[in-house]
Amino acid sequence: MLEYERQLQESGAKYIAGIDEAGRGPLAGPVVVAGVIMPLDDSELIEGVNDSKKLSEKKRDKLYDLILEKAIEVQVAIIDNDTIDRDNILNATKSGMLQCINGFDKVEIVLIDAVKLNAKVPTLSIIHGDALSYSIAAASIIAKVTRDRIMMEYDKEYPQYNFAKHKGYGTAEHIRLLKEYGPCKIHRRTFIGHFVEV
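These numbers were taken from a predicted model, which means no experiment stands behind them.

A.B. asks: I'd like a description of the layout of surface pockets, backed by residues and values.
C.D. replies: The computed volume of the largest pocket comes to approximately 190 Å³. Taken together, 13 residues line the largest pocket, and the ones lying closest to its centre are Glu21, Ala22, Gly23, Lys53 and Tyr169. Going through the elements one at a time, β1 (16–22) and α6 (134–157) are the ones with two or more residues in the lining of the largest pocket. Broken down by element, the lining of the largest pocket gets its largest block of residues, 3 residues, from β1. Its residues assigned to classes, the lining of the largest pocket shows 2 nonpolar, 3 polar and 8 charged.

Listed below in structure tokens is the structure:
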């Protein structure tokens, strides 16, 4: 998972950021973008870092704490459902990525999962980057855990939708509850029109 990072280090890069998002597909809640610059010395690597979707919640939570502890820099951008509806999900995601990049102090190049982006520093888009790059995988864990915790807070505010379980994704249960109760203020109006009147 360090092939890209090692190549960039060989060409002289020291501060390599990974960026990923969580929540592009759900019917409710924000999209969360995270960017991390991790130490890449062999002695500093965190064992078990992988695409967040391949990890259990317990493992993600443990790695989340380790990444925050070891990271050189961490940036998180939370883009709400109103912005997603206004700008569309891809532009909202790109906006979050640029917020993270612009927030870094030391970044030289950015590895991004699948999205092509024009930024103040060079970027490299990697298809399935969260499974191929250590830095992107670390960012994916920060983004996923951050978003899951946000949705668990929303579950307290809107318990009828069971957000703690499905995190806003379009599961059969969520769609059934959406039809029963109608949308709440965190539902993405541009996403739910297939299921209910908005």
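A.B. asks: So what's going on with the nonpolar core? Which residues, and what values?
C.D. replies: Ranked by size, the top nonpolar core spans 30 residues in total, and within it Met38, Val49, Ile67 and Ile141 carry the most contacts. Elements with a minimum of two residues in this core: β1, β2 (31–37), α2 (57–70), β4 (109–113) and α6. No other element matches α6, which puts 10 residues into this core. Judged by nonpolar contacts, the second largest core, of 16 residues, contains Ile19, Ala77, Cys100 and Val115.

A.B. asks: A description of the packing of aromatic side chains should follow, citing residues and the corresponding values.
C.D. replies: Counted according to the given criterion, the structure contains 3 aromatic pairs. Ring centres 6.5 Å apart and planes at 35° place the aromatic pair tyrosine 154 and tyrosine 158 in the tilted group. We classify tyrosine 154 as partly exposed; its relative accessible area is 22%. Overall, the relative accessible area of 13% leaves tyrosine 158 in the buried class. Seen from their ring centres, tyrosine 161 and phenylalanine 163 are 5.3 Å apart, and the 20° between their planes marks the pair as stacked. Residues tyrosine 161 and phenylalanine 163 agree in their burial class; the two are buried. Here a set of aromatic residues connected by ring pairs shows up, and it is made of Tyr161, Phe163 and Tyr181. Over the aromatic face of tyrosine 64 sits the side chain of arginine 149, whose NZ or CZ is 4.6 Å from the ring centroid. Residue placement shows arginine 188 over the ring face of phenylalanine 191; its charged tip is 5.0 Å from the ring centre.

A.B. asks: I'd like to hear about the pattern of salt bridges, residue by residue, with values.
C.D. replies: The full count for this structure, using the stated rule, is 11 salt bridges. Between arginine 6 and aspartate 42 there is a salt bridge, and its shortest N-O distance comes to 2.8 Å. With a gap of 36 residues between them, arginine 6 in helix α1 (residues 3–10) and aspartate 42 in the loop between β2 and α2 connect regions that are remote in the sequence. Between aspartate 51 and lysine 53 there is a salt bridge, with the nearest N and O atoms lying 3.4 Å from each other. A network of salt bridges, in which partner residues are shared, links Asp51, Lys53 and Asp130.

A.B. asks: Go over the pairing of β2 with me, naming the residues and quoting the values.
C.D. replies: Here β2 lies mainly inside the structure; 7 of its 7 residues are buried. In this structure, β1 lies alongside β2, joined through 6 bridges in antiparallel fashion. By the bridge assignment, aspartate 20 is partnered in β2 with alanine 34. Taken together, the 7 bridges between β2 and strand β3 (residues 73–79) define a ladder with antiparallel strand orientation. Opposite valine 32, over in β3, you have isoleucine 78 as the bridge partner.

Basis of the calculations
Residues numbered from 1 in each chain as written. Predicted model: local features only at pLDDT ≥ 70, side-chain atom pairs only at ≥ 80, totals over all residues. Heavy atoms only, no water. 1 Å grid on protein atoms, 1.4 Å probe; cavity = no way out; pocket = protein on both sides within 12 Å on 5 of 7 lines; lining within 4 Å. Points joined across faces, edges and corners; volume = space filled by probe spheres on them. Helix = DSSP H or I, 4+ residues; strand = E, 2+ residues; numbered from the N terminus. Nonpolar A, V, L, I, M, F, W, Y, C, P; charged D, E, K, R; others polar. Core = buried A, V, L, I, M, F, W, Y, C linked by side-chain atoms within 4.5 Å. Buried < 20%, exposed > 50% of the residue type's maximum accessible area, 1.4 Å probe, protein only. Phe/Tyr/Trp six-rings, centres within 6.5 Å; stacked < 30°, edge-to-face > 60°. Lys NZ or Arg CZ within 6 Å of the ring centre and 35° of its normal. Salt bridge = Lys/Arg side-chain N within 4 Å of Asp/Glu carboxyl O. Pairing = 2+ DSSP bridges.

As far as function goes, none of this settles anything; it's purely spatial.
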